[in-house]
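Residue-level structure breakdown
These are the residues of each chain, in order.
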Amino acid sequence: MFAKKAHKFIKINNLNIKLLVAGDPWESYWSAYFLNKFLNKKILIQIQAHGDIADPRWRRINHRNKIRYLLAKLSLPKAFSVRVVNKYQAENLVKAFGIKREKIVVIPVPINILGKATALKSVRPKTVGLIGRIHKDRGIWEFIKLVRVLNLSSKNFKVVVIGDGPSREKFLLKLGSVISKNRLLYLGQLPEGELRKAWKKIGVLVSMAPVESYGRVMRESLIAGVPVWATVSAGVKDLMDNCKKGEVKLLDLSKSDASLDKDFKALLKTKISSDFSKRFIKENNTYAAKLANSWLNIIKKSK
């Protein structure tokens, strides 16, 4: 048990622990909780809530999420502080778990990006891009539905898939039955350097994950000058607040085939401003320090 091992390590090294940071509201939190019990202390705990676990769609994804949701209902109210990555996620937590807003600190996830804004081009290939883990929980079957709809209107676009996952073979097989093989480019899991080059192959990035708290790939897409077409989520709404109108468009499969085709063509013509890239890179460099400062503030309050 992690809590016992941590207790032993702390005692052997005579450490004076002021704050416990739990990486999630379930396993990590309860490890921190029992560590407190073993130490016979009341060390303050901050929970990192990276996913939008308060979104009802999140707990409907699988049975594991349903169990974790119940564990979070017990753990989140007990924590001294909860760190989230955007204001919409914070609002959802307040509504779903009854957490006091003042307990929540909003600090996005710092990500590794290019040191400066890249040159953005208005002319892009007629391609639909999917990047990330190929898993049923990420909306991959809905992505195939979208490709099928777009294919009815036009066959002059291609599909680029980057990533890997347990559903890869089945996904690529089904996707290959919708469009011809010469219109499907599967690049597999790419290292960071190769991924940066691959953005040139993508005309529109599509994200159909039912729940997204932050959306790292979507932000990298805008930095690379590629517009985003995504289903609504806390992460998408936050991104739309921070970019220019039209650079991110909501994707709704219930719309007519003609409307979806119109949206796709409009996105292909969208030129991404460098404003987002410059601002994001500047702000991204502050996130690690802000998180560290939030820990120091908690420690000060405990005195």
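Quick notes on the rules
- Position labels on residues start from 1 in each chain and follow its written sequence.
- This being a predicted model, a pLDDT of at least 70 is required before a residue's local features are given, and a value of 80 or more before pairs of side-chain atoms are given or counted; all residues contribute to the totals for chains, interfaces and linings.
- Excluded from the side-chain calculation are hydrogens and water; included are all heavy atoms of the structure.
- Pairing between strands is defined by DSSP: at least two bridges between them are needed.
- Counting from the N terminus, the helices are DSSP H or I runs at least four residues long and the strands are E runs at least two residues long.
- An axis is simply a line fitted to the C-alpha atoms; with a helix, the fit covers only the stretch in contact. Between two such axes, the angle follows the N-to-C directions and lies from 0 to 180 degrees.
- Contacts: residue pairs with any heavy atoms within 4.5 Å of one another.
- Pairing of aromatic rings covers Phe, Tyr and Trp, the last counted by its six-membered ring, and requires centre-to-centre distances within 6.5 Å; plane angles under 30 degrees mean stacked, over 60 mean edge-to-face, and any other angle means tilted.
- Only protein chains enter the area calculation, which uses a 1.4 Å probe; residues under 20% of their type maximum are buried, those over 50% are exposed, and those in between are partly exposed.
- Within 3.5 Å is the distance limit for a polar contact, defined as a pair of N or O atoms, with the added protein rule that one can donate a hydrogen and the other accept it, and that residues adjacent in sequence qualify only through two side-chain atoms.

Quick word on the sheet that holds strand 1 (residues 19-22)
Within the open sheet, the four strands sit side by side as 1-2-3-4. Their pairing is parallel. Each of the sheet's edge strands pairs with one partner strand only, and the pair in question is strand 1 and strand 4 (104-106). Taking the axes of each pair of neighbouring strands and ignoring which way they run, one obtains an average angle of 25 degrees across the sheet. Relative to strand 4, strand 3 (residues 81-84) is paired through three bridges, and the arrangement is parallel. In the strand pairing of strand 4, Val82 is matched with Ile104. Lying over the sheet, helix 13 (residues 287-301) contacts strand 1, strand 2 (44-48), strand 3 and strand 4, oriented at roughly 155 degrees with respect to strand 2.

Structural notes on the packing of aromatic side chains
Taken as a whole and assessed by the stated rule, the structure comprises 11 aromatic pairs. Relative to Phe171, the ring of Phe143 lies with its centre 6.2 Å away and its plane at 45 degrees, an arrangement referred to as tilted. Of this pair, Phe143 sits in helix 6 (residues 140-153) while Phe171 sits in helix 7 (residues 168-176), and the two are 28 residues apart along the sequence. When sorted by exposure, Phe143 lands in the same class as Phe171, which is buried. Pairing Phe157 with Phe264 gives two aromatic rings, centres 5.8 Å apart and planes at 70 degrees, and the pair type is edge-to-face. Residue Phe157 is found in the loop between helix 6 and strand 6 (158-162), and its partner Phe264 is found in helix 11 (residues 257-268); the two are separated by 107 residues along the sequence. Relative accessible area serves as the criterion here: at 2%, Phe157 is assigned to the buried category.

A short note on the pairing of strand 5 (residues 127-131)
Burial runs high along strand 5: five of the five residues are buried. Here strand 5 shows a buried face lined by Thr127, Gly129 and Ile131 and a second buried face lined by Val128 and Leu130. Pairing analysis gives two bridges linking strand 5 to strand 8 (residues 204-207), with the strands arranged parallel. Bridging from a neighbouring strand, Val128 pairs with Val204 of strand 8.

Quick word on helix 5 (residues 87-97)
Those residues of helix 5 that fall on the buried side of the exposure criterion are Tyr88, Gln89, Ala90, Leu93 and Phe97. Those residues of helix 5 hidden inside the fold are in contact with helix 4 (63-75), strand 3, strand 4 and helix 10 (234-241). N-capping of helix 5 is provided by Asn86, with a side-chain oxygen placed 2.8 Å from the backbone N of Tyr88. In the stretch just after helix 5, Gly98 is the one whose phi turns positive, near 70 degrees.

A short note on the side chain of His135
On the secondary structure map, His135 appears in the loop between strand 5 and helix 6. Assessed through its relative accessible area of 14%, His135 is described here as buried. Apart from the residues within four sequence positions on either side, His135 is in contact with Ile140, Pro166 and Ser167.

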